[in-house]
Amino acid sequence: MKTLSLLKNNEEFGSLKIKPLFNQKLDLNPHHEWLSKELIQWSKGFADHNQQAMEMCAKFMCYMYSGCQQKDRLLAMSKYGCFSNTIDEYMETARKERSAPLMVELIEKLLTTLLTGRSDPEFLLGRRLLDSLEALDVFMTRDQMIKMRNNVKESFESFVKIHCDYWLQNRFIPYDEYYKLRSKESIWPVFHLMAEISVDYTPPEPVLRYIPVNKLLTSAVRLSLAVNDYLMFVSKMASNDITSGVMSYAWIEKCTVQTALDFQYQLIKDLQTECESLSITIANKSDPEFETPALLAYVNAVMDISHGFYSCVAEIFKWEERDGLIVCQKWDQLRQQLLDPKSVLSNNCYDI
């Protein structure tokens, strides 16, 4: 399905209005400069090294985990963040060639690497995966290691499902199945698990069984995914990337794209309110397991992930806020290219 098929006319895309999401914008982690140098040095050990990608990854991680005090933990988490960025680059070949075998082959090699703990020296992505997991293992309990690998495995399997069942079939993801499918594929559960590592705290079973904690962990992942979809909507639509909740909603409801964006905005505000309310409930619970600074630091770390992602995208896109809307030169350039029938971007979208 072409993303442009959602438009009643091309001008609709050119006049989309995107509102600011949060008042809270986080500062960079104080270890940012050190982290960036360490990531670049680590990545130079691989032939697929991309310094610009490493610098961007360092920035994302330093916003999402702005409160992480221990730089060695931040470095370990950031190595996995770099791996997740690199795997997206590797999958781009399968997407451009619209190939199921290429995607399946890549993911099968990654799954084998994950399950055996070994990688062909020539398989650079596998080596990156093992290096990043080894770095994280130092700071994880055995249960966390198992959970981490299960989450990573589910994300790999979801890559294939999304690619083969939706990308290649030109189908939007059904909105009622969207969170279930995309939450695994988006890797947000992995990044939320790393919140435990960032503050050196693992919620004990009595805490996890407490309904507000369980709801917070689910809603926080939903919030991160919803924020990602909202902020990346323009670039996804321009590149004909159909993996967006905004697009799924517009397709199933047969509404305008602006209506779908407005719905997504309200969803984000509702999820933000819910997460904030749940965090207050958790902080106010009278119980020795809950009255600990570590739990509050963990809850704050979970809450900060979405705000950190928002802050980083704001800096990278260099947007401004005018009259309650986001103004972004890069988005304007994408709109102009997409709506110009002579541009490569426009022709690629229509040809798919």
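Residues numbered from 1 in each chain as written. Predicted model: local features only at pLDDT ≥ 70, side-chain atom pairs only at ≥ 80, totals over all residues. Heavy atoms only, no water.

Per an unreviewed UniProt entry, the protein goes by Terpene synthase and derives from Medioppia subpectinata.

1. Side note on the overall build of the protein
Looking only at helices and strands, the protein features 17 helices and 2 strands. C-alpha extents for the protein along the principal axes are approximately 60 × 50 × 35 Å. Looking at the protein as a whole, 52% of its 352 residues are labelled buried. In the protein, of all internal contacts separated by at least 6 residues, the share reaching a separation of at least 24 is 76%. Here the protein has roughly 16,300 Å² of accessible surface; of this, 50% comes from carbon and sulfur atoms. A gap of 2 Å separates the mean positions of the 39 positive and 47 negative side-chain charges of the protein. (Helix = DSSP H or I, 4+ residues; strand = E, 2+ residues; numbered from the N terminus. Buried < 20%, exposed > 50% of the residue type's maximum accessible area, 1.4 Å probe, protein only. Contact = heavy atoms within 4.5 Å. Areas by Shrake-Rupley, 256 points an atom, 1.4 Å probe, with all protein chains shown as cover. Lys, Arg positive; Asp, Glu negative; His and termini not counted. Charge placed at Lys NZ, Arg CZ, Asp CG, Glu CD.)

2. Quick word on the packing of helix α9 (residues 188–199) against helix α11 (residues 211–231)
For any two helices packed against each other, the geometry comes down to the angle between their axes and how far apart the axes lie. For the pair α9 and α11, the least separation of the axes is 10 Å and the interaxial angle reads 125°. Taken together, the axes of α9 and α11 are oblique relative to one another. Like other packed secondary-structure pairs, α9 and α11 cross with a definite hand, here right-handed. When α9 is examined against α11, the residues Trp-188, Pro-189 and His-192 are found in contact with a partner set consisting of Ala-220, Val-221, Ser-224, Leu-225 and Asn-228. Partitioning the contact of α9 with α11 into residue classes produces 5 nonpolar, 3 polar and no charged. (Axes fitted to C-alpha atoms, helices over the stretch in contact; angles between N-to-C directions. Parallel < 35°, antiparallel > 145°, perpendicular 65-115°, else oblique. Left-handed = near helix turned anticlockwise from the far one by under 90°. Nonpolar A, V, L, I, M, F, W, Y, C, P; charged D, E, K, R; others polar.)

3. What about the side chain of His-307?
As for its position among the elements, His-307 is in helix α15 (residues 293–317). Setting aside chain neighbours within four positions, we find His-307 in contact with Phe-22, Gln-24, Leu-26 and Gln-272.

4. A look at the packing of aromatic side chains
Across all of its chains, the model carries 18 aromatic pairs by this definition. Note on Tyr-249 and Phe-263: the rings are 3.9 Å apart at their centroids and 5° apart in plane angle, and the pair reads as stacked. On the criterion of sequence distance, the pair formed by Tyr-249 in helix α13 (residues 245–253) and Phe-263 in helix α14 (residues 257–283) is long-range, its members being 14 residues apart. Residue classification places Tyr-249 among the buried residues on the basis of a relative accessible area of 14%. (Phe/Tyr/Trp six-rings, centres within 6.5 Å; stacked < 30°, edge-to-face > 60°.)

5. Comments concerning the domain arrangement of the protein
Along its sequence, the protein is carved into domain 1 (28–171) and domain 2 (180–336). Using C-alpha coordinates to define each centre, domain 1 is positioned 20 Å away from domain 2. Taken residue by residue, the interface counts 33 residues in domain 1 and 30 residues in domain 2. It is Tyr-63, Met-64 and Tyr-65 that lose the most area in domain 1 upon contact with domain 2, and together they represent 21% of the buried surface on that side. (Domains from an automatic or database assignment. Buried area = accessible area lost by both parts, 1.4 Å probe.)

6. Quick notes on the state of the cysteines
Under the criterion given, the structure shown has 0 disulfides. Among the cysteines around Cys-328, which has no disulfide bond, Cys-312 carries the closest sulfur, lying 13 Å off. Classification of Cys-328 as buried rests on a relative accessible area of 1%. (Disulfide = S-S within 2.5 Å.)

7. Observations concerning unusual backbone geometry
Generally, phi is negative for residues other than glycine and the peptide bonds are trans, each holding for most cases. With a phi close to 55°, Asn-170 is a non-glycine residue in the positive phi region. For Asn-170, a relative accessible area of 26% corresponds to the partly exposed category. Non-glycine residue Ile-187 carries a positive phi angle of around 70°. In this fold, Ile-187 is placed in the loop between α8 (175–185) and α9. Looking at Ile-187, the relative accessible area reads 9%, which means it is buried.

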